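Now for the letters of each chain:
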Amino acid sequence: MKRSEKLFAEARRIIPGGVNSPVRAWKSVGGCPRFISRGQGARITDVDGRSYVDMVCSWGPLIFGHAHPSVVRAVQEAASRGVSFGAPTPGEVELAREITGVYPSIEKVRLVSSGTEAAMSAIRVARAFTGKPGIVKFAGCYHGHVDALLVRAGSGAATFGTPDSEGVPEAFVALTRVAQFNDLGEVEGFLRSYGREIGAVIVEPVVGNMGVVLPRAGFLEGLRELTRRTGTLLIFDEVITGFRLAKGGVQELTGIAADLTCLGKILGGGLPVAAFGGRSEIMDKLSPIGGAYQAGTLSGNPLAVAAGLATLRDLGPKSYVRLEALGARLEEKIRRVLRDRRVQAVLNRAGSMWTIFFGVERVRNFAEASAADTQSYARFFHGMLERGFYLPPSQFEAAFLSLAHGEAEVDGAADAAAEALGSR
Ligand code: PLP
């Protein structure tokens with residue numbers, strides 16, 4: 001811990017909160033964040049030489065775990081050819097081909113560098129296409145730190161109890177309406193009352209950012225139907241779920257075609273690539289064809305694209321069978337631990353993403369997630385950490401398994417949970 005503590009002390013002097021993204025500061029669980037020096041497969045090692053099974057996986061991108069050989073090779077080869085040109089490169093076309101190949105709803109796609117940019121740009125093009133400025137989002141969903149979407153946001157915003165951000169003028173969010181996830185009636189009401197103003201409904205189709213929350217049967221289908229009826233675009237933010245729950249994300253699993261899709265995380269294999277895409281008629285509203293401006297110096301960066309391509313090419317149907325089996329094993333074992341230890345908690349899971357909420361019976365929306373006992377989560381986090389398992393340092397984030405994890409890591413996590421919860 002000594003080196004992490006020293007680094008954190010210095011970081012806090014010269015970086016706000018000592019971190020470049022708020023949740024990394026461990027504010028809601030307490031303690032000193034571990035500074036990480038390396039990762040290999042399912043494990044990370046901190047600067048003090050302690051090794052942990054990593055259940056954060058860089059918040060989702062590392063579906064093959066750390067330092068996946070084909071990703072490392074692809075990045076090295078790309079770097080040796082030059083790291084950035086600001087001109088089109090063949091890899092960008094290949095990555096666009098990979099994306100459109102697995103997402104039938106995406107006819108055209110544009111690459112950007114972060115999920116925030118993807119969501120921001122999707123909203124812009126939706127407004128340009130429909131001519132309607134209003135947006136509906138869901139409480140507890142997080143779409144990056146876009147001004148108009150930082151309203152009752154999940155993830156770090158929820159962690160710090162500031163789901164509405166200072167520095168975002170009210171006028172910037174005046175066009176954003178917030179519904180409760182899984183409440184179709186509320187969305188219907190908004191669209192009935194304000195349908196002529198609302199250009200887009202944006203949703204995480206399986207939520208990761210209030211912890212994992214699943215859509216109830218018919219919710220996503222209902223959103224599709226309602227938006228279609230009112231000429232509103234449906235935006236699926238699959239920044240987490242894309243390539244994670246299936247190669248074609250929630251859209252592959254449900255057969256629902258979104259009008260616009262945001263992708264990120266796994267798409268870049270751990271390097272900064274994200275994307276937004278949809279039907280050609282919508283995407284052609286973008287400059288240089290249409291009048292909606294969007295651009296980026298490092299968009300489609302060759303290193304990031306190479307990492308993304310290497311990742312997507314290694315992912316096949318068997319990957320998802322394996323991830324589901326690992327997730328199901330973890331769920332079963334941890335549920336048994338919770339029962340045996342008589343701990344009131346629920347485990348929500350979709351494939352390889354999961355969350356334990358303490359002190360509640362079910363979590364289907366942000367109101368229910370917010371009722372979870374975050375102090376119990378913090379104790380659990382530290383109990384797991386002491387036993388060598390690195391979980392998200394916040395109740396309101398998903399934990400992830402990767403293809404580098406195996407039965408040993410899953411069973412070890414359940415054993416560690418039994419100890420951690422037994423010694424409370
Ligand atoms: N959308 C979702 C669903 C996310 O989970 C995130 C980040 O966690 C974002 C958008 C923003 O992505 P980024 O952090 O790359 O800006």
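Draft legend 1. Broad picture of the sheet that holds strand S6 (residues 176-179). Reading across from one edge, S4-S10-S9-S8-S7-S5-S6 is the order of the seven strands in this open sheet, with mixed pairing throughout. This sheet does not close on itself; its edge strands, each paired only once, are strand S4 (108-112) and S6. Strand-to-strand twist in this sheet, taken as the mean axis angle between neighbours without regard to direction, amounts to 20°. Sitting on the sheet, helix H8 (residues 219-230) is in contact with strand S5 (134-138), strand S7 (198-203) and strand S8 (233-237), with an inclination near 145° to S8.

Draft legend 2. Expanded view of empty space enclosed by the protein. Evaluated as defined, the whole model comprises one cavity of 30 Å³ or more. Put simply, the largest cavity is a space of about 50 Å³. Looking at the largest cavity, the residues that line it are Trp-354, Thr-355, Ile-356, Tyr-377, Phe-380, Leu-391, Pro-392, Ser-394, Glu-397 and Ala-399. Of all the elements in the fold, those that place two or more residues in the lining of the largest cavity are strand S12 (353-358) and helix H14 (374-386). Along the lines of polarity and charge, the residues of the lining of the largest cavity split into seven nonpolar, two polar and one charged.

Draft legend 3. A look at the site of the ligand. Taken together, the residues surrounding the ligand are Ser-114, Gly-115, Thr-116, Tyr-142, His-143, Gly-144, Glu-204, Asn-209, Asp-237, Val-239, Ile-240 and Lys-265. The separation between an oxygen atom of the ligand and a polar main-chain atom of Gly-115 is 2.8 Å. Lys-265 places a polar side-chain atom, nitrogen or oxygen, 2.9 Å from an oxygen atom of the ligand. A total of 380 Å² of accessible area belongs to the ligand in isolation, and the protein chains cover 81% of it. Residues belonging to the shell around the ligand are distributed by class as follows: three nonpolar, six polar and three charged.

Draft legend 4. A look at the nonpolar core. Phe-138, Phe-181, Leu-223, Met-353 and Phe-357 are the most contacted members of the largest nonpolar core, which totals 49 residues. Sequence-distant contacts of Phe-357, that is, excluding residues within four places in its chain, are made with Met-210, Gly-211, Val-212, Val-213, Ala-345, Val-346, Asn-348, Val-363, Ala-369, Ala-372 and Gln-395. Grouped together as the second largest cluster of nonpolar side chains are 37 residues, Tyr-52, Leu-326, Leu-385 and Ala-414 included.

Thresholds applied
- Residues numbered from 1 in each chain as written.
- Predicted model: local features only at pLDDT ≥ 70, side-chain atom pairs only at ≥ 80, totals over all residues.
- Heavy atoms only, no water.
- Pairing = 2+ DSSP bridges.
- Helix = DSSP H or I, 4+ residues; strand = E, 2+ residues; numbered from the N terminus.
- Axes fitted to C-alpha atoms, helices over the stretch in contact; angles between N-to-C directions.
- Contact = heavy atoms within 4.5 Å.
- 1 Å grid on protein atoms, 1.4 Å probe; cavity = no way out; pocket = protein on both sides within 12 Å on 5 of 7 lines; lining within 4 Å.
- Points joined across faces, edges and corners; volume = space filled by probe spheres on them.
- Nonpolar A, V, L, I, M, F, W, Y, C, P; charged D, E, K, R; others polar.
- Near = heavy atom within 4 Å.
- Polar contact = N/O pair within 3.5 Å; in protein donor to acceptor, adjacent residues only side chain to side chain.
- Areas by Shrake-Rupley, 256 points an atom, 1.4 Å probe, with all protein chains shown as cover.
- Core = buried A, V, L, I, M, F, W, Y, C linked by side-chain atoms within 4.5 Å.
- Buried < 20%, exposed > 50% of the residue type's maximum accessible area, 1.4 Å probe, protein only.

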